[in-house]
Amino acid sequence: MKHYLAVLVPHEGGGWRAHFPDFPGCRAEASSVEAAIDASAAAAAEYARWLRAQGTSLPQPQTYEDVRHHSNGWAAERGIDWSRAVASWVKLPLEQ
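Let me sum up the structure you'll find in this document. (Residues numbered from 1 in each chain as written. Predicted model: local features only at pLDDT ≥ 70, side-chain atom pairs only at ≥ 80, totals over all residues. Heavy atoms only, no water.)

**Describing the sheet that holds strand 2 (residues 16-19)**
1) Next: Taken in spatial order, the four strands of this open sheet run 3-2-1-4, and their pairing is antiparallel. Edge strands, defined here as strands with exactly one partner in the open sheet, are strand 3 (27-30) and strand 4 (86-92). Each strand of the sheet is rotated relative to its neighbour by a mean of 30°, with strand direction disregarded.
2) Next: Taken together, the four bridges between strand 1 (residues 2-10) and strand 2 define a ladder with antiparallel strand orientation. Residue pairing for strand 2: Pro 10 is matched across the bridge by Trp 16.
3) Next: Lying over the sheet, helix 1 (residues 33-53) contacts strand 1, strand 2, strand 3 and strand 4, oriented at roughly 40° with respect to strand 4. (Pairing = 2+ DSSP bridges. Helix = DSSP H or I, 4+ residues; strand = E, 2+ residues; numbered from the N terminus. Axes fitted to C-alpha atoms, helices over the stretch in contact; angles between N-to-C directions. Contact = heavy atoms within 4.5 Å.)

Shape is all these values report; function is a separate question.
Structure follows, in structure tokens:
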């Protein structure tokens, strides 16, 4: 199994949105943090299936430290306020 980071942030209209640093464009939304974590697992699994169908391997997962402290601008581009964000790991089997 590989574990991928989901960064959950409060959504302006209420609820939570999950972003994936390793899966550009992959997101999930739900009304509670718990539901957003569940939705993020389903979204990441679907994205992984899509990557494999394209003949692309899954990327090497970034660590929390890579995402949180790296100067690649990922969080800034999304307006992520780390004081309000929740991080969760999403498990994906090596083959799906």
